[in-house]
Structures are given as structure tokens and as C-alpha cells.
Amino acid sequence: MIVSENYPWQSSIWQRLMLDKKRLPHALLLRGQSGIGKQAFAISLSQAMLCEKVNSAHQACGACPSCGWFEQDNHPDFRLISPEQDVSKDDEVGTKSTKKRTQIVIEQIRGLSDFLSLSSHKSDGVRIVLIHPAEGLNTAAANALLKMLEEPPPNVIFILVAHHAHKILPTIMSRCQKIDMPVPSTDDAHAWMRQEGIQSAEVLLSYAGGSPLMAIDEIEEGVLTSIQICKLLSFGAKSDVFQLSTACLALGMENAVSALQKWSYDLLLCHFTQEVRYHPSQEGVVKKLAQQIHLSQLLDFQKMLGDAKKSANHPLNNELQLERLFLHYTQIFK
Ligand SMILES: [Zn+2]
């Protein structure tokens, strides 16, 4: 686990927590939208709490034995609980696929009891449990965690990270100190992205809803193809169903559906408010199309996209499904 420095927009929250480092509560909930660096923050916080020689900014030294264990993922006083990855298996058409689990299960929480009953390897040290994402706890796991939070073992800090905190059990929420993680201002995010060597920071950032780290992921996941798909969609009723389907298949069903959802979101938003969120560079086109929509048809289209998202893992149906989708898309417009 390599720890980067905190992101620039996190420095004041870091300082605030570190001022009171000795009196951190036994449970923290870091909440906020995806892609703003909450997980990285939680990891550097954990490493710094365990480090034997923090620097003047209270950041981990990266050189002591504790930092060494941490970076090799085997620190005896640290546990990371995340949804486990299923082993990859061959699906029916013979391609390798890895299904990502989204839930944290009770066995993972039960597995903590040994860890919690030990004392830190250092006589005055803390032990840390990092749970990410906390809304991934299924009901049984959440109840098991609640018991632990109700009778917190001494010198243990639970750090929960959540993109959708409202999905967390209220009884768990009430036992955590809640920290709203900052979203960078647009200017800060652009500056940081440019410093990372990213071209067209403006287009990517708005496409990612203001989350700079998500914008970076999207470069890898073919967001540029998504933007090309939007160009094809901008023909409205005259869009080429076949070209669109082909482009979407090339992008992969999941990313394609997500691109289509953003496009239809903007059509709907613009229809009612004259604003666009994800496609500011195509504002003119979106505005024009938004004036021509049959609302009920657009809502049906969004519902179809929701269904397509659920079945995105069944590659045999994708082509047919996409053609049906785009045929419907061309009928949205008057
Ligand atoms: Zn250290």
C-alpha cells in the first residue's frame, strides 16, 4: 500500500484532525462524493497514526519499521475491510471475467474479533480498522459492527469511509464522529489535474461531476470514446442507430450505459432548468434537443437504461439491446 501525500484540498481537514490527534474518537466516518480522495485520506491518516516518527505536518515518515509494514500491507495493528473480490472465472462465452463484490459480509467483521482482543504491538499504540465503503456492509455485517462500536475495545480506532452515508445504519452513524470530506473547487481541481499532466481538464472534470479522481479514472475507462458517443447522440432523431451501437460495444456495455445516462440526465435537466451538468462543451446542442423532447419517451429511455445497466454482464444480449435502445432514443424527439 503506497501512501501518497494528501490532496491539496484536504490540508485544512488534516490539520484539524491532527491538532487533536491524541483525542480522536473511537469511530470516525469520512463521508462525501466519490472520487475526491476519501480513501487515500483514510489510508494516510491510518499510516500517520501508526508511524513512529511523523514529520512536522504530522504525516507518516515512510521510513520507520511501522511505515515499512504498512507499505507492505502487513502492519499488525491495521486491518482494511472492503468487499472481497471473487476469483475470476470463465463465463459462458469463454472470456475471463472478474465479478466485483459490492458487499462486506459478516464473516469479515467476525474475523476482526481476534484482532480486537489483542493489544497493539507497541505498549502505547493504537490499532486501526478501516472500512471502505461503509455502505457496503450488509445487514448482518452492520449489526455485528454495531456491537463492536457499542463496546469499543480500548485504543482501537474505526475509520469508516462512505460515498453514500445515508445508506448506513443510523445506529452506526450515531456512534461515529462525522467528517464531511471537502470537494475541491473547480479551479483547485483544474490546477491539480493540470499538474498531473492531464489535458482537457475542464471537459473531463465536468463529465465526472466535479470529482477529479473519477475524471482520471475515466481517461482509463475510455471517456474519450464516451464523448464521441455524445457527438453521435447529438443528431437526436436522426442519430445513426448502427454507428451508435458499434461505438457502445467498443466502449463496453457498462461504460456505454453510464455515458448514455449522463446524456439523458442532461437532456432532462436542461428541459426543466436550461442548465447542463456533464456536457458544458455541448451546451448549445443539448439545449436545442431538450426543447424537442417528448418527456414520457425520455423517461422510458431512462428506465431502459436502468435495465440495461443491470444486465450489462450478459454480453450475448448487448447488441440487440443497444439497437432497441437507440431506436427508442430516436423517437424521443418531436
Ligand atoms: Zn513512519
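Residues numbered from 1 in each chain as written. Predicted model: local features only at pLDDT ≥ 70, side-chain atom pairs only at ≥ 80, totals over all residues. Heavy atoms only, no water.

Colleague: Help me out: how do you make sense of the coordination of the zinc ion in this one?
Modeller: Around a metal, the idealised angle for a tetrahedral arrangement of four donor atoms is 109.5 degrees; for an octahedral arrangement of six donor atoms it is 90 or 180 degrees. Each protein donor to the zinc ion is listed here as Cys51 (SG), Cys61 (SG), Cys64 (SG) and Cys67 (SG); together their distances run 2.3 to 2.4 Å. In this structure, the zinc ion is coordinated by four donor atoms arranged in tetrahedral fashion, with angles at the metal of 102 to 117°. A residue is classified by how much of its surface remains accessible, and cysteine 51, at 8% relative accessible area, is buried. (Donors = N, O, S within 2.8 Å, 3.2 Å for Na, K, Ca; no water. Tetrahedral: all angles 85-135°; square planar, octahedral: opposite > 155°, others 65-115°. Buried < 20%, exposed > 50% of the residue type's maximum accessible area, 1.4 Å probe, protein only.)

Colleague: Would you take a moment to explain the domain arrangement of the protein for this structure?
Modeller: Interfaces are often described in size by the accessible area the parts lose on coming together. When the domains of the protein are assigned, the result is domain 1 (8-180) and domain 2 (221-330). The C-alpha centroid of domain 2 is placed 37 Å from the C-alpha centroid of domain 1. (Domains from an automatic or database assignment.)

Colleague: Would you explain the packing of aromatic side chains in this entry?
Modeller: Geometry of an aromatic ring pair is reported as the spacing of the ring centres plus the angle between the planes. Here the structure, examined in full by the defined rule, presents eight aromatic pairs. Where tryptophan 14 meets phenylalanine 41, the ring centres are 5.5 Å apart and the plane angle is 85°; that geometry is what we call edge-to-face. Placement of tryptophan 14 in helix α1 (residues 11-19) and of phenylalanine 41 in helix α2 (residues 38-50) is noted, with a sequence separation of 27 residues between them. Using a relative accessible area of 0% as the deciding quantity, one classes phenylalanine 41 as buried. Judged by centre distance (5.1 Å) and plane angle (80°), the rings of tyrosine 329 and phenylalanine 333 are edge-to-face. One exposure class covers both tyrosine 329 and phenylalanine 333, and it is buried. One aromatic cluster is present, formed by Tyr7, Trp9 and Trp192 through successive ring pairs. (Phe/Tyr/Trp six-rings, centres within 6.5 Å; stacked < 30°, edge-to-face > 60°. Helix = DSSP H or I, 4+ residues; strand = E, 2+ residues; numbered from the N terminus.)

Colleague: Whenever I open this one, the environment of lysine 303 confuses me. Can you help?
Modeller: Residue position: lysine 303 is located in helix α15 (residues 295-310). Look at lysine 303 and you get exposed, because its relative accessible area is 56%.

Colleague: Any chance you could explain the packing of α15 against helix α16 (residues 318-330) here in plain terms?
Modeller: In helix packing, the relevant descriptors are the interaxial angle and the interaxial distance, both defined with respect to the helix axes. Between α15 and α16, the shortest axis-to-axis distance is 10 Å and the interhelical angle comes to 165°. What the angle tells us is that α15 and α16 run roughly antiparallel. In the crossing of α15 with α16, the sense of the turn from one axis to the other is left-handed. In contact with Gln297, Asp300, Phe301, Met304, Leu305, Asp307 and Ala308 of α15, α16 contributes Gln321, Arg324, Leu325, His328 and Tyr329. (Axes fitted to C-alpha atoms, helices over the stretch in contact; angles between N-to-C directions. Parallel < 35°, antiparallel > 145°, perpendicular 65-115°, else oblique. Left-handed = near helix turned anticlockwise from the far one by under 90°. Contact = heavy atoms within 4.5 Å.)

Colleague: Could you clarify how one ought to interpret the confidence of the model for the protein in this entry?
Modeller: Regions with low pLDDT should not have their predicted coordinates read in detail. On average, residues of the protein score 86 in pLDDT, and 91% of them reach the 70 mark or higher. Model confidence for the protein, summarised as mean pLDDT per element, is weakest for strand β3 (residues 89-90) at 43 and strongest for strand β1 (residues 27-31) at 97. In this model, residues 86-98 is a region of pLDDT below 50 whose contacts with residues beyond four sequence positions or in other chains number 14 contacts. (pLDDT = per-residue confidence, 0-100.)

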